[in-house]
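Okay, here's what each chain looks like letter by letter:
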Amino acid sequence: MSIEPNKHSINKSKFNFGKYFAKFKSIALFIFLVIIPWEFIIFYTTIIAQPRYVSSSDVVIKQVSEANVSAGSGISALLGVNNTSSEDARYLTNYILSNDMVKKLDKKLDLRKAYNLNGSDFIYELPEDATQEELLEYFKERVKISLDEQTYILNVTTEAFQPEFALKLNQAILEESETFINNISQQIATDQLKYAHSQLKKSEKRLQEAKSKLLDYQDENQVIDPKSNAQMVNQLVGNLQSQLSNLRTEERQLLSYLNETAPQIVSIRSQIKAIEQQISEENAKLTSPNSPKLNTQMVQFETIKSEVEFASELYKMSLSSLEKARLEAFRKMKNMVIISAPYQAEEALYPRKQYIIWTSLIFLLIFYGFVRLVMAVVKDHAS
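Residues numbered from 1 in each chain as written. Predicted model: local features only at pLDDT ≥ 70, side-chain atom pairs only at ≥ 80, totals over all residues. Heavy atoms only, no water.

**Quick word on the environment of Q344**
Right, so step 1: As for its position among the elements, Q344 is in the loop between β4 (334-340) and α11 (353-382).
Right, so step 2: Residue class for Q344 comes out partly exposed when judged on its relative accessible area of 40%.
Right, so step 3: Not counting residues within four places of it along the chain, the set of residues in contact with Q344 comprises P163, E164 and L167. (Helix = DSSP H or I, 4+ residues; strand = E, 2+ residues; numbered from the N terminus. Buried < 20%, exposed > 50% of the residue type's maximum accessible area, 1.4 Å probe, protein only. Contact = heavy atoms within 4.5 Å.)

Right, dumping it as structure tokens:
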């Protein structure tokens, strides 16, 4: 009878020990998963984390154009936003966050030195021996670009441990961006004008060659315009044929009352023979195979002349194209307009201590609850 109470007491003691151990394990888990990490976050945020200052600016890329911009309103019409495009803004964004930009800024501002704190802020500082790839990734974290899809205004935000450097970095980015936009515009304009100039030179050379060919032909054949000569010959032959017709009419009239040996008949027939011979000679100038033919010369001359006229028209078109290329190049010229200049911050924007501390606590508690849930499920399955 005395043994049973002892067994009950032992079981009760084991039960209390297990209960206390489970409670201790739960408290230890809470301390390990919530309290210690949270204290570390508080310590880092309030003691170790260095203040980070922000400088911001707003810019827009405007295209010089005669296009009507009055359709817009407000700041859009004032800045000619209708002459901008999202493509230009995205090109500039990619350039700002490119390795080329980082190299230029590093050469000018020594980014590694500016973002290294000798271990004071081991999370946010840049290692002194950072590679170019690490510097590029770090730069993308410290420089943020946002685009307004309606107005295509770019917001450039720079972050640094010193307010002066955040301002200098933002100003340097704007300077390099403006140079980039100007260089691209000038290169496009130069390429367009270069092509137009090359076409003008080709057409000018062709025109000079056609003119030289025409002059050589005129000198060689000793003729200014075979067509004019042919017209003169035809006009002369027409006049001679008219005279010949009149003489023959007169001859028939005289034969009506004179014999053929009469002096008047002999004289008229002599004139008719002379005119007929002259007509034959003049016609021979046009079609005779034994001498240069005016009809052949006329065809050759007209061919060469048409080449000169075509080359002349081509030259005029090239001149017009060059002028259009100049206007188009000017119209496509782009420049960067600074809407809001960068400024030097007076207060550090980061780290946001209260936000980080309380947000981290919420996430740690959620994580702790998740771990407890997993442990309870595993324990339930094990039993």
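**Considerations on the environment of D106**
Right, so step 1: Inspection of the secondary structure assignment puts D106 in helix α4 (residues 99-109).
Right, so step 2: The exposure class of D106 is buried, given its relative accessible area of 16%.
Right, so step 3: As for D106 and L135, which are separated by 29 residues in sequence, their C-alpha atoms are 9.2 Å apart.
Right, so step 4: What D106 contacts, discounting residues up to four positions off in sequence, is L111, R112 and L135.
Right, so step 5: A polar contact is formed between the side chain of D106 and the side chain of R112, at a distance of 2.8 Å. (Polar contact = N/O pair within 3.5 Å; in protein donor to acceptor, adjacent residues only side chain to side chain.)

**Regarding the pattern of salt bridges**
Right, so step 1: What the rule picks out here adds up to 10 salt bridges.
Right, so step 2: Among the ionic pairs, E307 bridges to K213, the shortest N-O distance being 3.6 Å. Residue E307 is located in helix α10 (residues 294-331), and its partner K213 is located in helix α7 (residues 163-221); the two are separated by 94 residues in the primary sequence.
Right, so step 3: We classify E307 as partly exposed; its relative accessible area is 33%.
Right, so step 4: On the accessibility criterion, K213 (42% relative accessible area) is partly exposed. (Salt bridge = Lys/Arg side-chain N within 4 Å of Asp/Glu carboxyl O.)

**Quick notes on the side chain of T93**
Right, so step 1: Summarising the element assignment, T93 is placed in helix α3 (residues 86-96).
Right, so step 2: From its side chain, T93 meets the backbone oxygen of A89 in a polar contact 2.9 Å long.
Right, so step 3: With residues up to four places along the chain from it excluded, the contact list for T93 reads I145 and L154.

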